[in-house]
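Each chain, letter by letter, is given below.
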Amino acid sequence: MKALLMRDLRLATRAGGGFGLALAFFLIVCTLVPFGVGPEGGQLSRIAPGILWVGALLACLLSLDRIFALDFEDGSLDLLATAPLPLEGAVAIKALAHWLTTGLPLVIFAPVLGVLLHLPSPAYPWLLASLALGTPALSMLGAFGAAVTVGLRRGGLLMSLLVLPLYVPTLIFGAEAVRRGASGADPVTSLVFLAAITLGVLALVPFASAAALRVNLR
Amino acid sequence: MIELGKYAGTVAAAYGASVLLLAGVILQTIRANARARRELEEHENRG
Amino acid sequence: MSIWEYANPVKFMRTSGAVLPWAVAGAAICTVAGLVWGFLTPLDYKQGATVKIIFLHVPAALMAINIWLMMLVTSLIWLIRRHHVSALAAKAAAPVGAVMTLIALITGAIWGQPMWGTWWEWDPRLTSFLILFLFYLGYMALWEAVENPDSAADLTSVLCLVGSVFALLSRYAVNFWNQGLHQGASLSLAPGERMAAVYRYPLYLTMAGFFLLFVALLLIRTRTEIRRRRLAALLAREMRK
């Protein structure tokens, strides 16, 4: 398991692995929004929680197809499926690797973009907390979408259509937590719901993803 | 006659849009079915 | 005699062929009669003539949700018992469900314009219907995209299961996110909240009509899918010769 994790991390971080692409995308989204809505600070700080969350979500989506596509093409996915490690575990590890290379950098990077968008200062801890709690669910659901579409031509576009509706609950509770934090209200309720969704996703979705992978490897 | 009052346009639009959508799906269903049946029959008669 | 006999395509074709004319006739009679009856109802003192839209809106919304439930059940049957007719029925139901969702959304928007003063409001019920529509789209797109029919049935079934959980989750998450404008259940059993009988009975009739319409469309579409599958099987057999 550890070997698989290290291998995926190495593949993602070496040149051409696309590491950092998600961060650049996140930065660009957060740069473009002020061009769209105008530079006025009060307005930006009002919509900053939503933009940061939507931006993180889209950035996460960008690198999802890499989770299984390369391994599917070169056949290592077949080896994984026949390995003693249950496929559910392999899926979870791959989602973890995706989170470590995409989700975690986004979480760390988000406060910088918060400054750009005039996010009110009381919201920062909640931004970090909600992203840290929410992005693992994004990676795991993304792994499910990638597993369903792995064998398809032009699967990337279809995957977005399948995965984005699944992100709705996470987005709602995540952005709500930041918004409440920004306005001084109590964001703990949202965070608890967010954590519940993430834990539920982490516990159950690997089984669905592994089932989809088995179908695609048949 | 049926009284619709000032909302006649609204009601007509709602019914029109719904009937159009339903007619669309019904038509598509019937045509796809006729086509599948024809193709299958052609094939079975040939072979 | 058990329900599983209908998993045999030949048996299904025979029975559905016999049932179909009745379903079509019932759907036509109930829908048309219900809508005409609905048109003859008096104007509501608050909503005026727009109250008549309910005879489309509520049955469509009801079917939109129940068709997804039916797809969930047939997907489970496919995954557990591997009956092809079940998977094909789920495939056949999805476009009808998407159209029902769209009708509910559009009639709701048209009704909302004069009543709430806006075409669209990010109200929990409206929003969750939009999300349901997205799930229908994704489901149908996945059916189209996968070439191997059995793989397609498996993948869409798994998607349907996961999607059901998340559609439900979204339904309650949006409650948290925005308090709604939408009125509560129109057919609540609690006295006093219920709508007047003069609107209720035509509504029941259109609900029955939309249900029968769905049954008729579902049977036809499933028959189409079975014929297509059979044709593909015949062609494949010839190729091998």
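Residues numbered from 1 in each chain as written. Chains lettered and ligands numbered in written order. Predicted model: local features only at pLDDT ≥ 70, side-chain atom pairs only at ≥ 80, totals over all residues.

S.K.: Go over the packing of helix α1 (residues 2–13) of chain A against helix α6 (residues 87–116) of chain A with me, naming the residues and quoting the values.
M.R.: All names here are of chain A. The N-to-C vectors of α1 and α6 enclose an angle of 40°; their axes lie 9 Å apart at closest approach. As for how α1 packs across α6, the hand of that crossing is right-handed. Residues Leu4, Leu5, Asp8, Leu9, Ala12 and Thr13 of α1 form the contact with α6, whose own contacting residues are Ala90, Ile93, Lys94, Leu96, Ala97, Leu100 and Thr101. Of the residues contributing to the contact of α1 with α6, the split by class is 9 nonpolar, 2 polar and 2 charged. (Axes fitted to C-alpha atoms, helices over the stretch in contact; angles between N-to-C directions. Helix = DSSP H or I, 4+ residues; strand = E, 2+ residues; numbered from the N terminus. Left-handed = near helix turned anticlockwise from the far one by under 90°. Contact = placed C-beta atoms within 7 Å. Nonpolar A, V, L, I, M, F, W, Y, C, P; charged D, E, K, R; others polar.)

S.K.: Describe in detail the interface of chain C and chain B, supporting the description with residues and values.
M.R.: Contact residues are listed per partner, giving 30 residues for chain C and 26 residues for chain B. Every element with two or more residues in the side of chain C that touches chain B is listed here: α1 (9–40), α3 (84–116) and α6 (197–240) of chain C. Ranked by residues supplied to the side of chain C that touches chain B, first place goes to α3(C) with 11 residues. For the side of chain C that touches chain B, a count of residues per class yields 19 nonpolar, 5 polar and 6 charged.

S.K.: An account of the UniProt feature "transmembrane region" (unreviewed entry) in chain B is requested, with residue identities and associated values reported.
M.R.: Under the UniProt annotation, "transmembrane region" (unreviewed entry) lies at residues 12–30 of chain B. Here residues 12–30 of chain B is 100% helix and 0% strand, with 26 Å between the C-alpha atoms at its ends. (UniProt positions renumbered as here; feature names shortened; annotations may be inferred.)

S.K.: Explain helix α8 (residues 155–166) of chain A to me, and be specific about the residues and the numbers.
M.R.: The end-to-end C-alpha distance of α8(A), which contains 12 residues, comes to 17 Å, matching closely the 16 Å that a straight helix rising 1.5 Å per residue would cover. Of all the residues in α8(A), the buried ones are Gly155(A), Leu158(A), Met159(A), Leu162(A), Val163(A), Pro165(A) and Leu166(A). The buried side chains of α8(A) occupy one side of the element, clustering within an arc of 165° when seen end-on. Buried residues along α8(A) sit against α3 (41–62), α7 (124–148) and α9 (168–182) of chain A together with α4 (124–145) and α5 (149–177) of chain C. (Expected span 1.5 Å × (residues − 1). Buried ≥ 20, exposed ≤ 12 C-beta atoms within 10 Å, placed from the backbone. Arc of directions from axis to C-beta.)

S.K.: Describe α9(A), with residues and values.
M.R.: Along its 15 residues, α9(A) runs 21 Å from first to last C-alpha, staying within 8% of the 21 Å computed at 1.5 Å per residue. Burial runs high along α9(A): 15 of the 15 residues are buried.

S.K.: So, the confidence of the model for chain C: which residues are in play, and what are the values?
M.R.: Residues and elements named next belong to chain C. Averaged over every residue, the pLDDT of chain C is 85; residues scoring 70 or more account for 90%. The lowest-confidence element of chain C is α5, averaging 88 in pLDDT; the highest-confidence one is helix α2 (residues 54–81), averaging 92. Counted against residues more than four places away or in other chains, residues 188–193, with its pLDDT under 50, gives 3 contacts. Overall fold confidence (pTM) sits at 0.89, and the ipTM for the predicted complex is 0.87. (pLDDT = per-residue confidence, 0-100.)

S.K.: Run through the nonpolar core, naming residues and quoting values.
M.R.: Counting residues in hydrophobic clusters, the biggest one holds 153 residues, and the most contacted among them are Ala56(A), Leu141(A), Phe144(A), Ala147(A) and Ala212(A). Among the elements that make up this core, the one with the highest residue count is α3(C) (18 residues). Beyond its immediate sequence surroundings of up to four residues, Ala212(A) is in contact with Phe144(A), Ala147(A), Val148(A), Leu155(C) and Val158(C). (Core = buried A, V, L, I, M, F, W, Y, C linked by C-beta atoms within 7 Å.)

S.K.: Can you break down the interface of chain C and chain A residue by residue, with the values?
M.R.: Facing the 23 residues of chain C at the interface are 20 residues of chain A. Broken down by element, the residue count for the side of chain C that touches chain A peaks at 14 residues, all from α5(C).

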